[in-house]
Amino acid sequence: MKRYFIIIIFIIYLIVVVKSTFLKNGFNSPYPYYSNIKNRINKVKLNLDDPMPTPYRLLWFNQTLDHFNFETNGYFNQRVLIIDQYFNGNEIDRICSKPLIFFCGNEGDVTFFYENSLFITNRLAQEMNALVVFAEHRYYGESLPFGNQSYTNENFQYLSSEQALADYSKIIPSILKQYNALNCPVFTTSGSYGGDLAAWMRLKYPFIVDGALASSAPLLSYMNTGVPYDVFPVGVTNDFRETSQDGSCANKIRNAFNELETIAKADNGFNEISTSFKLCTPINSNDDFQSFLSWIESGFNYMSMADYPYPASFLEPMMGNPVNETCNLINQLDNSIDIIISGLQIYYNYTGQMKQCFNTNIFIEDQGMLIPWGYQSCTEFVFPFTTTGIKDMFYNSPFNLTEYIENCQDEYNVTPDPNWVTSVYGGTPNFPSSNIIFSNGVLDGWHGAGINVTDYSKNIIAILIPGAAHHLDLRGSNPLDPQSITDARLLELKYLTEWSEEIGKIKSLK
């Protein structure tokens, strides 16, 4: 049986482990399905009085297609959003403490991240008088090097994190020059996979980038970092377990998965499950059943990642504290199918968007992200995620590198390199750079694969935030935010402001 992945993210980084149907074959990935999500969130706005992000100016940057081949000279249009209302390059003295804050685009439409990063677009932009730039990742959103022919195996050869970082290294100096801001500090930021990119930009381009804020960046989620393969599902399980002192919610979900596997083995079991869950596409084979389990697991994973204290539509529209609300329902139930359905209703169907049946092919329909992210996960990013049904609340599904490689060869005609990330970027808890804030939420299953070691001698600041889910700190302030997230944002602003003043003075001497 082949393993499944969609993203985490998320995805996270991506966002994000999640296991889900991806075309005919599947791979594990940590990041959520960000692409095409704008169509989803436009259908429902849970908080009509939510503040809007500061308006942006659209720029199409003429980007080099291949930064590492001197025999090609192709170019493509890369989408860039610029917020410059609080920044005036013409008034800058030689000593500049007003930074360029550069958002490294993730695996999806850049406008989606712009709309969900109000701490950057509104607060940092205004309080630091910053020039804020959001750059879209190549092959995602509208930054397609070959238009509607971008997602072919031949044209995917220009898709990699290294090419993306090189893209950003070209955009930043160009914008600094345009705004007469060459002496100004430069900070990269983003969350999930984008958080990885923000940290890697500081690591690989220290002559361009002076510091970074990397939120929920699972830099140790790749192979050969020493982090357990089940770190993410165990983290998700803890989120559900800690809703009660006896951990009953997680235990009931684990038992429900076991019961589903028992039902599936019985005569007419697939039909019973398909009918009970009101599936749009019935289960007809063991592969279908494994995809169905992955879809359920993804719902619980994403719910945990987006376990925000207020109603939000970040991945799917949900009420505030969805994990607690789900566990309140589950703890009143005994039937295994009812236990699973109660969770699925909150994640996949909170506003009734599923209509009359559950569409387990939801991830296949969002191919605008899944196809390029699948390629990245089949080349440089190997996520060795494992569930056991012992320490986590899911089912036994060990990572199999041989199958992973075979799936990649079948789908993309490429062979992944499990050692690529650690060879190119490193993979230890002591990040080999400086001036970086690594923030992680305790409710986010990815925090166990993040950088959680502070080193004041290098200005590596690790902030672990109780009560916070996946890059909650990058979102806008909300009256329902826990004090911990308010404190974390103040700390992030403090360090970025101090570094900005220090770096501005240093750059003025050059």
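Everything below is about the structure printed above this text.
Residues numbered from 1 in each chain as written. Predicted model: local features only at pLDDT ≥ 70, side-chain atom pairs only at ≥ 80, totals over all residues. Heavy atoms only, no water.

Caption draft 1: A look at the nonpolar core. In this structure, Trp200, Phe240, Leu260, Phe277 and Phe292 are the most contacted members of the largest nonpolar core, which totals 136 residues. Counting residues per element, this core draws most heavily on helix α9 (residues 286-305), at nine residues. (Core = buried A, V, L, I, M, F, W, Y, C linked by side-chain atoms within 4.5 Å. Buried < 20%, exposed > 50% of the residue type's maximum accessible area, 1.4 Å probe, protein only. Helix = DSSP H or I, 4+ residues; strand = E, 2+ residues; numbered from the N terminus.)

Caption draft 2: Geometry of the pairing of strand β4 (residues 131-135). Counting buried positions along β4 yields five of five residues, so the element is predominantly enclosed. Of the two faces of β4, the one lined by Leu131, Val133 and Ala135 and the one lined by Val132 and Phe134 are each fully buried. Sheet analysis places strand β2 (residues 75-83) next to β4, joined by four bridges and oriented antiparallel. When the bridges of β4 are listed, valine 80 appears paired with alanine 135. Bridge count for strand β3 (residues 100-104) against β4 is five bridges, and the pairing is parallel. Across the sheet, the residue bridging to phenylalanine 103 is phenylalanine 134, located in β4. (Pairing = 2+ DSSP bridges.)

Caption draft 3: Region of the structure containing the pattern of salt bridges. Summed over the entire model, instances satisfying the criterion amount to 11 salt bridges. Among the ionic pairs, lysine 494 bridges to glutamate 498, the shortest N-O distance being 3.2 Å. With a gap of four residues between them, lysine 494 and glutamate 498 both fall in helix α16 (residues 483-508), about one helical turn apart. Exposure remark for lysine 494: the relative accessible area of 37% places this residue in the partly exposed category. Relative accessible area serves as the criterion here: at 33%, glutamate 498 is assigned to the partly exposed category. Residues joined in a network through salt bridges with shared partners are Arg79, Asp109, Glu136 and Glu142. (Salt bridge = Lys/Arg side-chain N within 4 Å of Asp/Glu carboxyl O.)

Caption draft 4: Fine view of the packing of helix α7 (residues 248-265) against α9. Where α7 meets α9, the axes come as close as 12 Å, and the angle between the chain directions of the two elements is 165°. Looking at the two axes, α7 sits roughly antiparallel to α9. Of the two elements, α7 crosses α9, and the hand of that crossing is right-handed. Between α7 and α9, the contacting residues are Ile253, Phe257, Leu260, Glu261 and Ala264 on the first element and Phe289, Phe292, Leu293, Ile296, Glu297 and Phe300 on the second. The class makeup of the residues in the contact of α7 with α9 is nine nonpolar, no polar and two charged. (Axes fitted to C-alpha atoms, helices over the stretch in contact; angles between N-to-C directions. Parallel < 35°, antiparallel > 145°, perpendicular 65-115°, else oblique. Left-handed = near helix turned anticlockwise from the far one by under 90°. Contact = heavy atoms within 4.5 Å. Nonpolar A, V, L, I, M, F, W, Y, C, P; charged D, E, K, R; others polar.)

Caption draft 5: Structural detail: the environment of glutamine 63. Tracing the backbone shows glutamine 63 in strand β1 (residues 57-64). When the C-alpha positions of glutamine 63 and asparagine 77 are compared, they lie 6.0 Å apart, and in sequence the two are 14 residues distant. Aside from chain neighbours lying at most four places away, what touches glutamine 63 is Gly74, Tyr75, Phe76, Gln78, Arg138, Asp167, Lys170 and Ile171. Separated by 3.2 Å, the side chain of glutamine 63 and the backbone oxygen of aspartate 167 make a polar contact. (Polar contact = N/O pair within 3.5 Å; in protein donor to acceptor, adjacent residues only side chain to side chain.)

Caption draft 6: Structural detail: the sheet that holds strand β5 (residues 186-191). The eight strands are arranged β1-β2-β4-β3-β5-β6-β7-β8 in an open sheet whose pairing can be described as mixed. Either end of the sheet is taken by a strand with one partner, and the two such strands are β1 and β8 (460-465). Strand-to-strand twist across the sheet, computed as the mean angle between neighbouring axes with direction ignored, equals 20°. Contacts from helix α5 (residues 193-204) reach β3, β5, β6 (211-215) and β7 (436-441), with the element oriented near 155° to β5. Across the face of the sheet, α16 comes into contact with β5, β6, β7 and β8 while running at roughly 165° to β8.

Caption draft 7: Just the state of the cysteines, in detail. One pass over the full model with this rule turns up four disulfides. Paired by a disulfide, cysteine 280 and cysteine 357 hold their sulfur atoms 2.0 Å apart. Of note, the bridge from cysteine 280 to cysteine 357 carries an S-S torsion of about 95° and is right-handed in sense. With cysteine 280 in the loop between α8 (269-276) and α9 and cysteine 357 in the loop between α11 (336-348) and α12 (362-365), the pair connects residues that are 77 residues apart, well separated along the chain. Residue class for cysteine 280 comes out partly exposed when judged on its relative accessible area of 36%. Residue classification places cysteine 357 among the partly exposed residues on the basis of a relative accessible area of 26%. Cysteine pairing for the chain, with bonded cysteines counted in sequence order: 1-2, 3-5, 4-6, 7-8. (Disulfide = S-S within 2.5 Å.)

Caption draft 8: Quick peek at the pairing of β7. Burial analysis of β7 places six of its six residues in the buried class, the great majority of the element. Neither face of β7 is left uncovered, since the one carrying Ile436, Phe438 and Asn440 and the one carrying Ile437, Ser439 and Gly441 both have all their residues buried. The pairing of β6 with β7 spans four bridges and is parallel. Paired with serine 215 across the two strands is serine 439, which belongs to β7. When β7 meets β8, the two strands line up parallel, connected through six bridges. Residue pairing across strands places asparagine 440 opposite leucine 464, the latter belonging to β8.

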